[in-house]
Amino acid sequence: DGGITQSPKYLFRKEGQNVTLSCEQNLNHDAMYWYRQDPGQGLRLIYYSQIVNDFQKGDIAEGYSVSREKKESFPLTVTSAQKNPTAFYLCASTQIWQLNQPQHFGDGTRLSIL
Amino acid sequence: AQSVTQPDIHITVSEGASLELRCNYSYGATPYLFWYVQSPGQGLQLLLKYFSGDTLVQGIKGFEAEFKRSQSSFNLRKPSVHWSDAAEYFCAVGTNTGNQFYFGTGTSLTVIP
């Protein structure tokens, strides 16, 4: 079955450490997205990418970085500059060349501080 | 600017009772509207979507939603709630300018026996 795979499911970060969250999709979708979810705040967009080797900042990009070297993969790095990284991170994708398509979501990664 | 408002942070209903979750949006063009459901520790699952045509759309798990352009609303309904419907529900609007999506802050549903 096609879908989005996020790994790991749980991740712990030490002070000053960068950590990378993986997101892989086999839906042949062009666009991929990273959201941060905090209680009571809904989903906030971190970064999105509509095509390989191109990505755009979302509303809360500071302290995060991404790459899009392959269509299937959109890893998110939480850098040491992100002072409050504890949250639930969701990856999503959609097919932008077919208008009005919904996003498909992975099962998320929960990041905590050690 | 685009935005989505879900005025109810938390709703409690009895099993078997009817349910309506409210969603209001702000978008200058024709909106593309979605409802998603999220179980604890999981991703979002699409319940239903509206793009055009019939303003009453049917979704999975017995849910339906009605688009009312005059009220800028897209409320989610279910005639009889089951205990397994307890979850977080998100309304979202999609645009055709860069494929951006905007989410409400969610409504948490508790179902009591």
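Positions within a chain are numbered from 1, following the residues in the order the chain's sequence is written. Labels are handed out in written order, letters beginning with A for the chains and numbers beginning with 1 for the ligands. For this predicted model, a pLDDT threshold of at least 70 governs which residues receive local features, and a threshold of 80 or more governs which side-chain atom pairs are given and counted, while totals over whole chains, interfaces and linings are taken from all residues. Think of the side-chain values as coming from all heavy atoms in the structure, minus any hydrogens and water.

1. A word on the nonpolar core
The nonpolar side chains of a soluble globular protein tend to be buried, and buried together.
Residue and element names in this part refer to chain B.
Thought 1: Here the nonpolar core consists of buried residues drawn from Ala, Val, Leu, Ile, Met, Phe, Trp, Tyr and Cys, with membership extended through side-chain atoms lying within 4.5 Å. Think of it in three bands: residues with accessible area under 20% of the maximum for their type are buried, residues over 50% are exposed, and the middle band is partly exposed, with areas taken using a 1.4 Å probe on protein chains only. Grouped together as the largest cluster of nonpolar side chains are 27 residues, with contacts concentrated most on Leu19, Trp35, Leu47, Leu48, Phe74, Leu76 and Tyr89.
Thought 2: A run of H or I in DSSP counts as a helix once it spans at least four residues, and a run of E counts as a strand once it spans at least two, with each numbered from the N terminus. It is strand 10 (residues 87-94) that contributes the most residues to this core, four residues altogether.
Thought 3: Contact definition: two residues touch when any of their heavy atoms are within 4.5 Å. Setting aside chain neighbours within four positions, we find leucine 48 in contact with Leu33, Phe34, Trp35, Val57, Gln58, Gly59, Phe63, Glu64, Ala65, Phe74 and Leu76.

2. Focus: the confidence of the model for chain B
Thought 1: What pLDDT conveys is the predictor's confidence in a given residue, as a value from 0 to 100. When pLDDT is averaged across chain B, the result is 93; 98% of the residues are at 70 or more.
Thought 2: For chain B, per-element mean pLDDT is lowest for strand 11 (residues 101-103) of chain B, which scores 92, and highest for strand 3 (residues 19-21) of chain B, which scores 98.

3. Overview of unusual backbone geometry
Thought 1: With an omega dihedral of -10 degrees, the bond running from A:Ser7 to A:Pro8 counts as a cis peptide bond.
Thought 2: Along the chain, A:Pro8 turns up in the loop between strand 1 (4-7) and strand 2 (10-13).
Thought 3: In this structure, A:Asn28 is a non-glycine residue whose phi angle is positive, near 60 degrees.
Thought 4: In this fold, A:Asn28 is placed in the loop between strand 3 (19-25) and strand 4 (31-37).
Thought 5: The residue B:Lys61 is not glycine, and still its phi comes out positive at about 60 degrees.
Thought 6: Within the secondary structure, B:Lys61 is located in the loop between strand 7 (56-58) and strand 8 (64-68).

4. Some words on the sheet that holds strand 3 of chain A
All names here are of chain A.
Thought 1: Read across the open sheet, the four strands follow the order 1-3-8-7; overall the sheet is antiparallel. Every other strand in the sheet has two partners, leaving strand 1 and strand 7 (64-66) as the edge strands with one partner each. In this sheet, adjacent strand axes meet at a mean angle of 20 degrees when their direction is disregarded.
Thought 2: At least two bridges found by DSSP between two strands is the condition for calling them paired. Alignment of strand 7 against strand 8 (residues 76-78), held across three bridges, turns out to be antiparallel. Bridge pairing in strand 8 places valine 66 opposite leucine 76. Here, axes are lines fitted to C-alpha atoms. For helices the fit covers the stretch in contact, and angles between N-to-C directions go from 0 to 180 degrees.

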